[in-house]
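Structural overview
For reference, the chains in residue letters:
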Amino acid sequence: MTNAQALSDPFDAAPCVAVVDDDAALRDSLAWLLDSVGLATRAFADGEAFLAAAPDAFDAVLLDVRMPGLSGLQVQQRMRERGDELPVIFMTGHGDVPMAVAALKAGAFDFIEKPFNHQQLIDTVQQALAEHQRQREARGRREALEARYAALRPKERQILVHVAEGMTSREIAGRLGISAKTVEIYRLRAMKALGANNLAELVRICVALGLVSPLPE
């Protein structure tokens, strides 16, 4: 392996889907199917083994509703309790649809009935992976904003909130006991630090950070 290949490998890793089902033949079949479209898989015969694995190792999970030991719904509940936001796709038999609907209400991404339509399964998994990626990117953006906001001076934070609340520089100056010019200097410096190019962007950032309430629709 060349140095260039070694450096690129971490970035070329395929998304990994956990397959949790007590049917060994089905696990093998799903692994083959997902591998055929460039996805990695890791199979588990029961929910306990899956929950014992590192959740960060996976990008989605195909989870059987009925299994010995923990049921799929119980596994989903354990995942929620520990804050695991992995998209869950339930695999159900014909008589398990009511359970699958309950799982959707509890936050599952989707469910598919056995026997599977291969293309439907692939499409559902790809959609779940895309949604998971969007969520991760959104969390990353929020964490970056939170870090930038935390680095601001206390006075800059106060001014940003007041601006987002709709107060003028003169009103903020009166509230904080400083000059309107100082308010403007702090506001512009804070906006630059947060990457806000205008007032509308600043308000959206403050709403995203939970500093002010969004306007009612």
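Above this text sits the structure in question.
Now for a look at the structure at hand. Fair warning: this is a prediction, and the values are worked out from it, not measured in the lab.

**Remarks on the pattern of salt bridges**
- Scanning the model with the defined rule gives nine salt bridges in all.
- Between Arg-136 and Asp-59 there is a salt bridge, with the nearest N and O atoms lying 3.3 Å from each other. Within this pair, whereas Arg-136 is found in helix 6 (residues 118-150), its partner Asp-59 is found in the loop between helix 3 (47-52) and strand 3 (60-64), the two being separated by 77 residues in sequence.
- Judged by relative accessible area, Arg-136 falls into the partly exposed class, the value being 37%.
- In this structure Asp-59 comes out as buried when scored by relative accessible area, which is 12%.
- Note that Glu-131 is salt-bridged to Arg-134, the shortest N-O span being 2.7 Å. Taken together, the residues Glu-131 and Arg-134, both in helix 6 and three residues apart, mark about one turn of the helix.
- One network of salt bridges, with partners in common, ties together Asp-21, Asp-64 and Lys-114.

**A word on the sheet that holds strand 4 (residues 88-92)**
- As summarised here, the arrangement of the five strands in space is 2-1-3-4-5, forming an open sheet in which the pairing is parallel. Looking at the sheet topology across the chains shown, the edges are occupied by strand 2 (40-44) and strand 5 (110-113). Put simply, the sheet's adjacent strands are angled 20° from each other on average, direction ignored.
- Judged from the four bridges that link them, strand 3 and strand 4 form a sheet pairing that is parallel. Pairing of Val-61 across the sheet is with Val-88, part of strand 4.
- Sheet contacts for helix 6: strand 1 (16-20), strand 3, strand 4 and strand 5; angle to strand 5, the most-contacted strand, approximately 170°.

So, how was this worked out
Each chain has its residues counted from 1, following the order in which its sequence is written. Totals for whole chains, interfaces and linings use all residues, but because this is a predicted model, local features are given only for residues with pLDDT of at least 70 and pairs of side-chain atoms are given and counted only at 80 or more. Hydrogens and water molecules were not included; the side-chain quantities draw on all heavy atoms of the structure. When a carboxyl oxygen of Asp or Glu is within 4 Å of a side-chain nitrogen of Lys or Arg, the pair counts as a salt bridge. For the purposes of this entry, the term helix denotes a DSSP run of H or I that reaches at least four residues, the term strand denotes a run of E that reaches at least two, and both are numbered from the N terminus. Per-residue accessibility, obtained with a 1.4 Å probe over protein chains only, is compared with the maximum for each type, and a residue is labelled buried under 20%, exposed over 50%, and partly exposed between these values. Note: two strands are recorded as paired if DSSP finds a minimum of 2 bridges between them. The convention used is that axes are lines fitted to C-alpha atoms, helices contributing only their stretch in contact, and that angles between N-to-C directions extend from 0 to 180 degrees. Whether two residues touch is decided by their heavy atoms; if any such pair falls within 4.5 Å, the residues are in contact.

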